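# Working through the structure, step by step
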Amino acid sequence: MTAAVTAMITAVVGVLGTLLAPVFAQRLTVRQRVEEARLAGEQRKFEERRAHYTAMNRASRQFHTLLKDALHRIRDGVYTEQERTQLEEARLDHRDRYAEAQMIVPERILQASRDLNRVLAAGDATVKRLDRGLARDGENVGRALEDLKAADPCLDRMRELMRRDLGVTD
């Protein structure tokens, strides 16, 4: 090769490099932005899921606690309108969190929440019947408290699945 050809090749490579550098830089920037957007979306979904799990866990546990309290107060004859209202508010909050969860949580967690919901709904119906003096045959506060204990493993299972889904391990 002659010096002129070498100079020409060097010039062409230099010009191409100068012309293509912004194109490569732009492509790299676009890739980085796409990756950043993907990561931000994943983080947003994670935060949303964690918020839903926290709200659902809190609402379920509150409903469960107020059901137990109601049964104790019915047994003791001191169940008031204020407690009825609190229980109804907790029931509605639990129902809303359960409905929200149906749209976003994985099936295994939804199944655990269904199992819990069955126990809590049955407990709520029993509380209302006992409070109104319309107990079914064999239905009493002691039996209702025993039946409500079935919620404990359901609450634990649901929490365990939620924590695992969020990546929390012990």
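Everything below is about the structure printed above this text.
Presented here is an overview of the structure given in this document. Small disclaimer: the values here were computed from a predicted structure and weren't measured.

This paragraph deals with the environment of H94. Mapped onto the fold, H94 is located in helix α2 (residues 81–104). Aside from chain neighbours lying at most four places away, what touches H94 is A59, S60, F63, N117 and L120. Within the structure, the side chain of H94 is placed 3.2 Å from the side chain of S60, a separation counted as a polar contact.

Here we take up α2. For α2, with 24 residues, the first-to-last C-alpha span of 35 Å sits near the 34 Å given by 1.5 Å per residue. Along α2, the residues classified as buried are E83, L87, A90, H94, R97, Y98 and A101.

Their axes nearest at 9 Å, the elements helix α3 (residues 107–132) and helix α5 (residues 151–165) cross at an angle of 160 degrees. In terms of orientation, α3 lies roughly antiparallel with respect to α5. The two elements α3 and α5 meet at a crossing, and its hand is left-handed. Along the contact surface, α3 presents R108, I109, A112, S113, D115, L116, V119 and L120, while α5 presents A151, C154, L155, R157, M158, L161, M162 and D165. Classifying every residue of the contact of α3 with α5 by side-chain character gives 11 nonpolar, one polar and four charged.

Before going further, it helps to examine the side chain of D124. With respect to the secondary-structure elements, D124 resides in helix α3. We classify D124 as buried; its relative accessible area is 7%. For D124, the residues in contact, after removing those within four places along its chain, are F63, L67, L87 and R91.

Tallied over the entire structure, the rule returns 25 salt bridges. When the shortest N-O distance is used, the salt bridge between R73 and E83 registers 2.9 Å. With R73 in helix α1 (residues 3–76) and E83 in helix α2, this pair connects stretches of sequence that are 10 residues apart. When its relative accessible area of 33% is taken as the criterion, R73 is described as partly exposed. A salt bridge links D115 to R118; the nearest nitrogen and oxygen atoms lie 2.9 Å apart. Separated by three residues within a single helix, D115 and R118 lie in helix α3, roughly one turn from each other. Among the residues examined, D115 registers a relative accessible area of 29% and is labelled partly exposed. Salt bridges sharing common partners tie together E88, R91, D124 and K128.

Bringing the environment of R33 into the picture now. With respect to the helices and strands, the residue R33 is situated in helix α1. In this structure, the C-alpha to C-alpha distance between R33 and K45, residues 12 residues apart in sequence, is 18 Å.

L67, L71, L87, L116, L120 and V127 are the most contacted members of the largest nonpolar core, which has 32 residues in total. Going through the elements one at a time, α1, α2, α3, α4 (141–148) and α5 are the ones with two or more residues in this core. When sequence neighbours within four positions are dropped, the list of residues in contact with L120 reads S60, F63, H64, L67, H94, L148 and A151.

The rules we used
- Residues numbered from 1 in each chain as written.
- Predicted model: local features only at pLDDT ≥ 70, side-chain atom pairs only at ≥ 80, totals over all residues.
- Heavy atoms only, no water.
- Helix = DSSP H or I, 4+ residues; strand = E, 2+ residues; numbered from the N terminus.
- Contact = heavy atoms within 4.5 Å.
- Polar contact = N/O pair within 3.5 Å; in protein donor to acceptor, adjacent residues only side chain to side chain.
- Expected span 1.5 Å × (residues − 1).
- Buried < 20%, exposed > 50% of the residue type's maximum accessible area, 1.4 Å probe, protein only.
- Axes fitted to C-alpha atoms, helices over the stretch in contact; angles between N-to-C directions.
- Parallel < 35°, antiparallel > 145°, perpendicular 65-115°, else oblique.
- Left-handed = near helix turned anticlockwise from the far one by under 90°.
- Nonpolar A, V, L, I, M, F, W, Y, C, P; charged D, E, K, R; others polar.
- Salt bridge = Lys/Arg side-chain N within 4 Å of Asp/Glu carboxyl O.
- Core = buried A, V, L, I, M, F, W, Y, C linked by side-chain atoms within 4.5 Å.

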